[in-house]
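Take a look at the letters that make up each chain.
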Amino acid sequence: MESVVTNIVAISFAMVVVLCAWKIVNTVWVRPKKLEKLLKNQGFKGNKYKFLFGDMKEVSMMFQQSKSKSKHINIDDGDEVLSHVVAFPRRSLQIHGRNYITWIGWNPRVSIMDPELNKELLTKINDFTKTKTNPFILLIATGLVTLEGDQWVKHRKLINPAFHVEKLKNMVPAFHLSCSEMLGKWEMLIPTNGSCELDVWPYFQALTSDVISRTAFGSSYKEGIRIFELIREQSVHANDAIQSFYIPGSRFLPTKRNRRMKAIDKEVKVSIRSIIDKKLKAMKAGEGTYDDLLGIMLESNMKEVEQHQNKTHGMTINEVIEECKLFYFAGQETTSSLLVWTMVLLSRHEEWQSRAREEVFNVLGDKDIDADRLNHLKVVNMIFYEVLRLYPPVLGLAREAHKDITLGGYSLPSGTQIGLPIMLIHYDEQLWDSDAKKFNPDRFSEGISNATKNKLIYFPFGWGPRICIGQNFALLEAKIVLAMILKRFTFDFSPSYVHAPISILTLQPQYGAHLILRKL
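Described in the following lines is the structure provided in the data block.

Cut-offs applied
- Residues numbered from 1 in each chain as written.
- Predicted model: local features only at pLDDT ≥ 70, side-chain atom pairs only at ≥ 80, totals over all residues.
- Heavy atoms only, no water.
- Axes fitted to C-alpha atoms, helices over the stretch in contact; angles between N-to-C directions.
- Helix = DSSP H or I, 4+ residues; strand = E, 2+ residues; numbered from the N terminus.
- Parallel < 35°, antiparallel > 145°, perpendicular 65-115°, else oblique.
- Contact = heavy atoms within 4.5 Å.
- Nonpolar A, V, L, I, M, F, W, Y, C, P; charged D, E, K, R; others polar.
- Patch = residues over 30% accessible without salt bridge, like charges linked within 9 Å, V, L, I, M, F, W, Y side chains within 5 Å.
- Areas by Shrake-Rupley, 256 points an atom, 1.4 Å probe, with all protein chains shown as cover.
- Salt bridge = Lys/Arg side-chain N within 4 Å of Asp/Glu carboxyl O.
- Core = buried A, V, L, I, M, F, W, Y, C linked by side-chain atoms within 4.5 Å.
- Buried < 20%, exposed > 50% of the residue type's maximum accessible area, 1.4 Å probe, protein only.
- Left-handed = near helix turned anticlockwise from the far one by under 90°.
- Expected span 1.5 Å × (residues − 1).
- Pairing = 2+ DSSP bridges.

1. Some points on the packing of helix α14 (residues 317-348) against helix α17 (residues 378-390)
And then number 1: For the pair α14 and α17, interaxial distance at closest approach is 10 Å and the crossing angle is 105°. Between α14 and α17, the interaxial angle falls into the category roughly perpendicular. Contacts between α14 and α17 involve L338, W341, T342, L345 and L346 from the first element and I383, F384, V387 and L388 from the second.
And then number 2: Tallied by class, the residues present in the contact of α14 with α17 amount to eight nonpolar, one polar and no charged.

2. Details of a nonpolar patch on the surface
And then number 1: Where nonpolar side chains cluster on the molecular surface, the patch consists of W22, V25, W29 and F51 and spans about 430 Å² of accessible area.
And then number 2: Note on placement: V25 falls in helix α1 (residues 2-41).

3. Side note on the nonpolar core
And then number 1: With 149 residues, the main nonpolar core has W186, V200, F204 and I485 as its most contacted residues.
And then number 2: Considering each element in turn, this core owes the most residues, 15 residues, to α14.
And then number 3: I485 has contacts with M182, L183, W186, F204, M343 and F491, leaving out every residue within four places of it along the chain.

4. Considering the packing of α17 against helix α21 (residues 471-488)
And then number 1: Relative orientation of the contacting elements α17 and α21 amounts to 120°, with a least axis distance of 11 Å. It follows that α17 is oblique to α21 by the angle criterion. By crossing handedness, the relation of α17 to α21 is classed as right-handed. Residues V380, N381, F384 and L388 of α17 form the contact with α21, whose participating residues are L475, A478, K479 and L482.
And then number 2: Tallied by class, residues from the contact of α17 with α21 come to six nonpolar, one polar and one charged.

5. Notes on helix α9 (residues 172-189)
And then number 1: Over its 18 residues, α9 runs 26 Å from end to end, which matches the ideal 26 Å to within 8%, given 1.5 Å per residue.
And then number 2: When α9 is considered as a whole, its buried residues turn out to be V172, A174, F175, S178, C179, M182, L183 and W186.

6. So, the pattern of salt bridges
And then number 1: Here the structure, examined in full by the defined rule, presents 34 salt bridges.
And then number 2: E166 serves as the salt-bridge partner of K169, at 3.5 Å between the closest nitrogen and oxygen. Residue K169 and its partner E166 are both found in helix α8 (residues 165-169); the two are separated by three residues, about one turn of the helix.
And then number 3: Its relative accessible area of 28% is what places K169 among the partly exposed residues.

7. Things to note about the sheet that holds strand β9 (residues 417-420)
And then number 1: Strand order across the open sheet formed by six strands is β1-β2-β3-β9-β6-β4, with mixed pairing between neighbours. The sheet terminates laterally at β1 (45-46) and β4 (128-130), the two strands that pair on one side only.
And then number 2: Here strand β3 (residues 107-112) pairs with β9 via three bridges, running parallel. Along β9, the bridge assignment pairs V110 with I418.
And then number 3: Contacts from helix α5 (residues 115-123) reach β3, β4, β6 (397-401) and β9, with the element oriented near 120° to β9.

Right, here's the structure in full:
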């Protein structure tokens, strides 16, 4: 009897081992090869699937090569910029055509350059969900950028009031104050009738951090500086992690990077929890104002809970913390990226700098800056649209088929990833005409719809129901900052400026932005 039981246990164990082995083999070889054949039969081309790693070794190698290059990238050569910033996707486009496959480990990602298919992709958010986020990215922030379904709907509803146009208008004085402090530092560095070389990049990072501190949390940059430093460091670690192949469960290994990222996450959460507790205490005591993003969000959350008499209709404190982490990261990174590339491109195209300055003086004069007058800065808007086209903060988006589905004429099995290569689409001459790789704000003189011929070929902040909730916040802040700079300074390239855009989650100047500033 005992031997029978032993045999049954042994057989059962062997079956479990065989099933587990088959599942692993199916995941990393059988299924990828089936998908490869299915996709290639539909016209998608790409490298052959390489066991386990797919294209990730090559992606990482090309990124490191671009990062290590010390040569100056020709700012006027769009092809050279693309080769430096999006080396692997651009090469895939050149070799394999407009619908190509990239192997993210054992998962195929099909990239599509067709505007109509991309519109369908970004509209049907229940069929095409966000791709599973690399666990290392989740340590920076989750919230709206990662949520799906009812959870996303709930959070979007509760956060929307904080970004209402009227609420943003109330933040103009905070934008103005933060920028005035930065420009005051610049003026102290420039001698009378003289000039000064300045790396404006760290100043913009500090400025946008200060703005987020004031508008999101009712504090200042000095109070939140530790959080910004930590999130910036976390971004570098996360970017390094996603450039290499992710092995499931590897984030739990006690490596130096993993330990540091977890320590950063813990410290950031503790700091933000302290800010939230202070805000809740003040709100309950009827003290202070609620016109910062955190106060508006907490008030919206409490009203929702009271209305339904059910806490599940609101966000938990942990969920609020994650949304605050997102405020800190996205609010700072996106606007600083837009501002620095605007200064760089206006240094190269001084005629547009002059046109923008003339408009600012004509529209604003010596009057106080307010949101209504800012709406009349047409040339400034055109410049921002063109900067965002050529240097979008995020280089691409990705979605995943939630079920077996048809997109256009393509049959995509459940789990297939679909890439939207924003920067490649923004530079594409078939979609934008022959000057697509050139800086030409005039293309937006009649608005975005006219420039794009009503096609989805321009989406620096995403598009559709999941468009970036902070888009208007970022553009309003950038408009105020640029207007204030143009009224006080002229600027052009320093001889030490090196043009080397690099993506560290957002598009940044690898060697800073060294410009020559002169007082007007």
